[in-house]
Each structure stands twice: as C-alpha cells, then as structure tokens.
Amino acid sequence: MLLFFTSSNRRDQNDTAITAYTDLCRMLDIPPIQQIVSDLEQCHLDDFVLFAHLIPYVYEKFATEAMGSAELMKLLAHSLDGRQIADLIGNFPLISKFCNFVQFFRKDSFLPIVSASLTWETTAQFIFWQLVHAEGVPIDWILQIIPKLQYPKHSEAIAQVYIMLQRYVCLDQLFAHLDKFRQSCLSKDSHVAEAFLARPVLQEAFTTARAAEKVSSLRIRYSELFAVMEILSDDSTQSARSLRRSKPLKKITDFSDDESRTVKRKRPKLIVESDSD
C-alpha cells in the first residue's frame, strides 16, 4: 500500500513521498482524501495495528483534507478500539505509541462532521465524541447546531452537548466565585487573599486555562481575575528566586556563627600565676 510506504520514508524524503501519492491520485482522477479513506479501509481489514499507526501520519501530512473529511472520521469512529483511542488522545503516555498530539478537528469543518455523525451507529457516535472531548473542542464551535438537534432522534449528540455545556457552566461558576473573592478580599491588609490565589494548584490551573481555546470567552469575561493571577504568578516566581539566592548566604552565616561558637568553646583558659607562689 502506497500510503504505508510514504509514511515509512525518512523525514527528509516525506515531502517527496507525499507528492508522489498526490500525483498518483491526480493520475487516477481521484481526490487524495478519497484514496486515503479507501487505503485505510483496506488497511483496517488487513492489519488493524498498522491502521492505527497511520492515523497520526495522515492527520499530520494531509491535515487540510483529513480534518475536513466526515468520511474519514466515520471510518475512525467505526474502526477504533478502546486502546487505540487511548493511544491517539494521549491519556496514557507510558503505553502510547504516538508521541505527538493528534489534532482531528478545525472550526470551519467541525459542524459538517457533527451533522454527518448524527446518522452513525450509537457506538460510532460515542467514539467520535470521545475524540471531541479529548481535543477540548470549544463550546462555541457547536452552538449553531444545537437548535437543530431533536430528541429522541439525536439523543446521543444531545447527551454529549449537554456534557460540554455542563463543563462550561462549572468553569464559569468557578471563575465567578474566584472573581468575587478577589474583589472583596484582595484589598485587605491581611494578604490572605494573595496567599490563597498564589497557591501552586490554582496557578497551574490558570496557566492551563490561558492556553485553552475552549475557555477563551471566559478569559475575556474575567480578564481582571486572569490579570491578577498572572501578577501573583510573577511575584511568586520572583520570591522563589530571591529565596534561592538568599539560602547560600544563610548557610554561610550559620556556619560562621557555629564556627565562632566552636572556637570560643575550644579557646584555652589563661592561667595567671599569683605573686604568692
């Protein structure tokens, strides 16, 4: 299978191999993504391990075609098993065969794939939504299709959208509580609020939130809270550096004090002879 041989080439030959594959598709008058789906279907029948191995390669080297293909996603949803899903989404890096994160979706082609998935079998829809949740697709991407979902006809999709909305609402409530705490307690002289918000667990959570596209609207809504957390993060880093710099000095001082006390203890007593002797 040509698709396998293109993935087996050295990195410096990958572009040449991909060009050869697309040229062959052009000669056969077949769109590359259609040929890719056909090759993967046959590969899944012949060797399902190789099938899973080729998926990250396809989504990396043919990203535009792959992320816009409902047929390719349908093939994945009907073919992947639990272990292969775990490897692809990277939840278990110790057993994962794929080191790089695989991106399956992009905003401009996500809704057509969701619409197509509404007719798939229940298990296939479940696998599809597992990939959606694992990638952290923002709730904004799916808002337009919510009014079109009908119960019980689209019960699987409705359940998964509800999970996405619930997670979004929970985050909103969490940020709202923290922002209220910031407004009411941050100005007090006790500095308890600063100490609480500067906790490593909270700082790590906000660092993750800054990089997550799915909470972009919440970052805008609670921009002042995020700004305060960033300032506290910088202050904590500077304080830690100051402590690290001061520790050697403290050790030297302590050593000097101990040494001086030792010298004092070991200093011999002077015996003064009296005149009477």
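- Within an unreviewed UniProt entry, the label attached to the chain reads Ints3-like C-terminal domain-containing protein, and the organism entered is Gongylonema pulchrum.

### Some thoughts on helix H10 (residues 155-185)
Since one α-helical turn is 3.6 residues long, residues separated by three or four positions face the same way.
Stage number 1. End to end, H10 covers 45 Å across 31 residues, agreeing with the expected 45 Å (1.5 Å per residue, within 8%).
Stage number 2. Where H10 is concerned, the buried positions are Ala157, Gln160, Val161, Met164, Tyr168, Asp172, Phe175, Leu178, Asp179, Arg182 and Cys185.

### As for the side chain of His154
Stage number 1. Along the chain, His154 falls in the loop between helix H9 (122-135) and H10.
Stage number 2. Given a relative accessible area of 10%, His154 falls into the buried group.
Stage number 3. Contact partners of His154, with chain neighbours within four places excluded, come to Leu118, Lys148 and Leu149.

### Quick word on the pattern of salt bridges
For side chains bearing opposite charge, pairing can occur when the charged atoms are close.
Stage number 1. Scanning all chains against the criterion turns up six salt bridges.
Stage number 2. The shortest N-O distance in the salt bridge between Arg106 and Asp108 comes to 2.6 Å.
Stage number 3. Residue class for Arg106 comes out partly exposed when judged on its relative accessible area of 23%.
Stage number 4. Sharing partners across several salt bridges, the network here consists of Asp179, Arg182 and Glu224.

### With respect to the packing of helix H4 (residues 48-61) against helix H6 (residues 70-79)
Packed helices, taken two at a time, are described by the angle between their axes plus the distance between the axes.
Stage number 1. Interaxial distance between H4 and H6 falls to 12 Å at its minimum, and their mutual angle equals 150 degrees. By the angle between their axes, H4 is roughly antiparallel relative to H6. By crossing handedness, the relation of H4 to H6 is classed as left-handed. On the side of H4, the interface is formed by Phe51, Ile55, Val58 and Tyr59, while H6 contributes Leu72, Met73, Leu75, Leu76 and Ser79.
Stage number 2. Residues that form the contact of H4 with H6 fall into these classes: eight nonpolar, one polar and no charged.

Here is what the cut-offs are and how they apply
Residues numbered from 1 in each chain as written. Predicted model: local features only at pLDDT ≥ 70, side-chain atom pairs only at ≥ 80, totals over all residues. Heavy atoms only, no water. Helix = DSSP H or I, 4+ residues; strand = E, 2+ residues; numbered from the N terminus. Expected span 1.5 Å × (residues − 1). Buried < 20%, exposed > 50% of the residue type's maximum accessible area, 1.4 Å probe, protein only. Contact = heavy atoms within 4.5 Å. Salt bridge = Lys/Arg side-chain N within 4 Å of Asp/Glu carboxyl O. Axes fitted to C-alpha atoms, helices over the stretch in contact; angles between N-to-C directions. Parallel < 35°, antiparallel > 145°, perpendicular 65-115°, else oblique. Left-handed = near helix turned anticlockwise from the far one by under 90°. Nonpolar A, V, L, I, M, F, W, Y, C, P; charged D, E, K, R; others polar.

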